[in-house]
Amino acid sequence: MLRPRTDRGRVLLVLVLVAAVTLFTATVPLLRGFFDLRVYYGAVHTWVHHGGRIYDYRVPGTTYGFTYPPFAALAMLPLALLDRTSAIVVSLLVNLAALAAILRILAGPGWRRHGWFRWALCLCLLAMFEPLRDTFSFGQVNLVLLALVLGDCWLLATGRGRWAGVGIGLAAAVKLTPALFIGLLLLAGRRRAAGLATVVAAAATALAAWADPGASRFYWTEALWDTGRVGRLDYVSNQSLQGVLARLGETGRPLWATAVLLTLCVWAWRTRGAVKAGDRTAAFALTGAAACLVSPITWVHHLVWLLPSFAVLLRTGHPRIAGALYTVLCTSVVWLWFDDASGIGGFLGSNTYTWITLGLLLGLPTGQPRRVRLPLARSLSTTVVTPSPDSPATTAGTVQSGTSPAGCDVAAAAATGVAGGDVRRGSGRSPSSEPTASTRPAASKPQSSRSRASSYTVDPSA
């Protein structure tokens, strides 16, 4: 990879990349028009200012409304104080802050050593990553949830485990998929954190029930079980196991339940092995991949949960595999089968992102590479100092940083390895939508790469 030797050359390269990324995102992929933010904004404004019911709201001109648990609406109450433009700005800033927190945690304690140049290259590459750019363009919440979960990992890794579990609990109360990370805590032997996460999720759900009993009753008895409220299962953006089966015409729940059970068994087996090997990072990444597979609907932008898997691949010395998978996930290739996913080509191509997620679950490397594991395997090393006339012989103890107790001990190069370059460790070197899919075939689909999403308009009183 081209590496300018001067600061001027680095600045010029970054500016060229920024221009290229801007041109790409402005012309190639579909801009989603903050569609999901329109749903959140309209539902909250209808609920607070017009006395309407959360789950009755529909974005004008569509059949799409609020699909998250009631606590999510409660957490989004600040939107009621904002106008539409301010809501967009806040959404972008919150997602940027969440992404910064995620990268900081994944990069580890040595994040500063990569310097501004590598971080700039990393951000340019991430801007082209389809799940990430869709999360920003939709105004989605997945990055915030990922940051909450990773925050718990950071607490455990830094010895602040007293509050670990709060983030996972809140994330599970906003959206059900992160609840699988409670299972990760149990597999990792973190029963206290798992219990706290469960209590927090239950308390948040109870708070929402107190705030709006009718909405909670409707969600848990009806809306939760009606996937049609979210979108068509066979829509090409649904890159879950159920999406694969639906595109094959198999919509029966027994077959899907069997596939989910088998996937969870594989996840438990591989995650348990990763925990025993002391590789909490891989355990976390495997959980993110499994959650995407077993969820009934996993839109493309939900695949930001795969970001830790890329960190693992880079850390374990597989940059080519990480680069190949990253490239595929930048192409929007699944949209080639937007109209017709029939035949063997449609089966393989329309489910490309599912195959990537499944491949990560089955083949993600676990266990620290030898050159990383050996120094981390000990908690104390002794160095004998040669005695001198002025100083008697002494033994100095140096505490080595251990692995994260819950899955976030990524090597310092993980988040920026895609930018190229070596990372020094001691004296050695190591390699560096509608998330709501259309329920009516003829309806306009913001996720379609064939047409632009409608302009950002919302009528809370509708």
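Residues numbered from 1 in each chain as written. Predicted model: local features only at pLDDT ≥ 70, side-chain atom pairs only at ≥ 80, totals over all residues. Heavy atoms only, no water.

S.K.: An account of the overall build of the protein chain is needed here, citing residue identities and associated values.
M.R.: In terms of regular secondary structure, the protein chain is built from 19 helices and four strands. Each of the 462 residues in the protein chain was classed as buried or not, and the buried ones make up 52%. Working note: accessible area of the protein chain is about 20800 Å², and carbon and sulfur atoms make up 64% of it. (Helix = DSSP H or I, 4+ residues; strand = E, 2+ residues; numbered from the N terminus. Buried < 20%, exposed > 50% of the residue type's maximum accessible area, 1.4 Å probe, protein only. Areas by Shrake-Rupley, 256 points an atom, 1.4 Å probe, with all protein chains shown as cover.)

S.K.: With reference to specific residues and values, describe the nonpolar core.
M.R.: Buried together is how nonpolar side chains tend to be arranged in soluble globular proteins. Membership of the largest hydrophobic core comes to 114 residues, with the highest contact counts inside it found for Tyr40 and Phe66. Among the elements that take part in this core, helix 14 (residues 280-294) stands out by supplying 10 residues, more than any other. Not counting residues within four places of it along the chain, the set of residues in contact with Tyr40 comprises Phe66, Tyr68, Met76, Leu79, Gly139, Gln140 and Val141. Of all hydrophobic cores here, the second largest spans five residues; its members include Leu13, Val14, Phe117 and Leu121. (Core = buried A, V, L, I, M, F, W, Y, C linked by side-chain atoms within 4.5 Å. Contact = heavy atoms within 4.5 Å.)

S.K.: Break down the pattern of salt bridges for me, citing the residues and quoting the values.
M.R.: In total, this model carries three salt bridges according to the counting rule given. Across the salt bridge formed by Asp234 and Arg232, the nearest N and O atoms sit 3.0 Å from each other. (Salt bridge = Lys/Arg side-chain N within 4 Å of Asp/Glu carboxyl O.)

S.K.: Kindly report on the packing of aromatic side chains, identifying the contributing residues and their values.
M.R.: According to the stated counting rule, one finds 17 aromatic pairs in the structure shown. Ring centres of Phe181 and Phe284 lie 5.0 Å apart, and the angle between their planes is 35°; on these two criteria the pair is classed as tilted. Here Phe284 lies in helix 14 and Phe181 lies in helix 9 (residues 180-187), a separation of 103 residues in the sequence. An aromatic cluster is defined as three or more aromatic residues linked by ring pairs; in this entry it consists of Tyr40, Tyr55, Phe66, Tyr68, Phe218, Tyr219 and Trp220. (Phe/Tyr/Trp six-rings, centres within 6.5 Å; stacked < 30°, edge-to-face > 60°.)

S.K.: Quick rundown of helix 13 (residues 253-276)? Include the residues and the values.
M.R.: Taking 1.5 Å per residue as the helical rise, helix 13 with its 24 residues ought to reach 34 Å, and the 34 Å between its terminal C-alpha atoms agrees with that figure. Listing the buried residues of helix 13 in full gives Trp256, Val260, Thr263, Trp267, Arg270, Thr271, Ala274 and Val275. Buried residues along helix 13 sit against helix 9, helix 12 (241-247), helix 14 and helix 18 (352-363). In the stretch just after helix 13, Gly278 is the one whose phi turns positive, near 80°. (Expected span 1.5 Å × (residues − 1).)

S.K.: Please set out a nonpolar patch on the surface residue by residue, giving values where relevant.
M.R.: A contiguous nonpolar patch, built from Val11, Leu12 and Leu15 and spanning about 270 Å² of accessible area, is present on the exposed surface. Along the polypeptide, Val11 turns up in helix 1 (residues 7-27). Exposure remark for Val11: the relative accessible area of 39% places this residue in the partly exposed category. (Patch = residues over 30% accessible without salt bridge, like charges linked within 9 Å, V, L, I, M, F, W, Y side chains within 5 Å.)

S.K.: Report on the layout of surface pockets, specifying residues and quantitative values.
M.R.: Over the atoms, a rolling probe the size of a water molecule traces out where space has been left empty. Of the pockets and cavities examined, the largest pocket occupies roughly 940 Å³. Contributing to the lining of the largest pocket are 38 residues, with Leu176, Leu224, Ser295, Pro296 and Ile297 lying nearest its centre. Counting residues per element, the ones that place at least two in the lining of the largest pocket are helix 2 (35-49), helix 13 and helix 14. Per-element accounting of the lining of the largest pocket gives the leading share, four residues, to helix 13. (1 Å grid on protein atoms, 1.4 Å probe; cavity = no way out; pocket = protein on both sides within 12 Å on 5 of 7 lines; lining within 4 Å. Points joined across faces, edges and corners; volume = space filled by probe spheres on them.)

S.K.: Talk me through the packing of helix 4 (residues 84-107) against helix 6 (residues 130-138); I want residue IDs and the actual numbers.
M.R.: Contact pair helix 4 / helix 6: the axes reach a minimum separation of 9 Å and the direction vectors enclose 150°. Our classification of the angle between helix 4 and helix 6 gives roughly antiparallel. Contacts between helix 4 and helix 6 involve Leu92, Asn95, Leu96 and Leu99 from the first element and Leu132, Thr135 and Phe136 from the second. Taken together, the residues of the contact of helix 4 with helix 6 break down into five nonpolar, two polar and no charged. (Axes fitted to C-alpha atoms, helices over the stretch in contact; angles between N-to-C directions. Parallel < 35°, antiparallel > 145°, perpendicular 65-115°, else oblique. Nonpolar A, V, L, I, M, F, W, Y, C, P; charged D, E, K, R; others polar.)

S.K.: Describe the environment of Ala127, naming the residues involved and giving the relevant values.
M.R.: With respect to the helices, strands and loops of the structure, Ala127 is situated in helix 5 (residues 115-127). Distance in space between the C-alpha atoms of Ala127 and Thr25 is 8.2 Å, their sequence separation being 102 residues. The residues contacting Ala127, other than those within four sequence positions of it, are Val21, Thr25 and Arg133.

S.K.: Go over the side chain of Thr357, please, and point to the residues and values.
M.R.: Inspection of the secondary structure puts Thr357 in helix 18. When sequence neighbours within four positions are dropped, the list of residues in contact with Thr357 reads Ala289, Cys292, Leu293, Leu303 and Leu306.

S.K.: Any details on helix 2? Residues and values, ideally.
M.R.: For helix 2, spanning 15 residues, the distance from its first C-alpha to its last is 21 Å, which sits close to the expected 21 Å at 1.5 Å a residue. Burial within helix 2 is extensive, with 13 of its 15 residues counted as buried. Backbone geometry just after helix 2 places Gly51 at a positive phi near 65°.

S.K.: So what's going on with the confidence of the model for the protein chain? Residues and values would help.
M.R.: For the protein chain, mean pLDDT is 77; residues scoring 70 or higher make up 75% of the total. At the low end of the mean pLDDT range in the protein chain sits strand 3 (residues 423-425), at 36; at the high end sits helix 18, at 95. Low pLDDT, under 50, characterises residues 370-445; the predicted model gives this stretch 177 contacts beyond four residues in sequence or across chains. (pLDDT = per-residue confidence, 0-100.)

S.K.: So what about unusual backbone geometry? Which residues, and what values?
M.R.: Notably, Phe34 is not glycine yet its phi reads approximately 55°, a positive angle. Counting through the fold element by element, Phe34 comes out in the loop between helix 1 and helix 2.

S.K.: Give a detailed account of the side chain of Asp152, specifying residues and quantitative values.
M.R.: Within the fold, Asp152 resides in helix 7 (residues 142-157). One buried charge, Asp152, has no salt-bridge partner; the nearest side chain with opposite charge is Arg192, at 9.7 Å. Side-chain polar atoms of Asp152 contact the backbone nitrogen of Gly167, separated by 3.1 Å. Beyond its immediate stretch of four places on either side in the chain, Asp152 contacts Trp163, Ala164, Gly165, Val166, Gly167 and Ile168. (Lys, Arg positive; Asp, Glu negative; His and termini not counted. Polar contact = N/O pair within 3.5 Å; in protein donor to acceptor, adjacent residues only side chain to side chain.)

S.K.: I'd love a proper account of the environment of Ala73, names of residues and values included.
M.R.: Looking at where Ala73 falls in the secondary structure, it is placed in helix 3 (residues 70-75). On the accessibility criterion, Ala73 (1% relative accessible area) is buried. For the pair formed by Ala73 and Ala208, sequence separation is 135 residues and the distance between their alpha carbons is 8.5 Å. Apart from residues no more than four positions distant in its own chain, Ala73 is found in contact with Val44, Trp47, Ile54 and Phe66.

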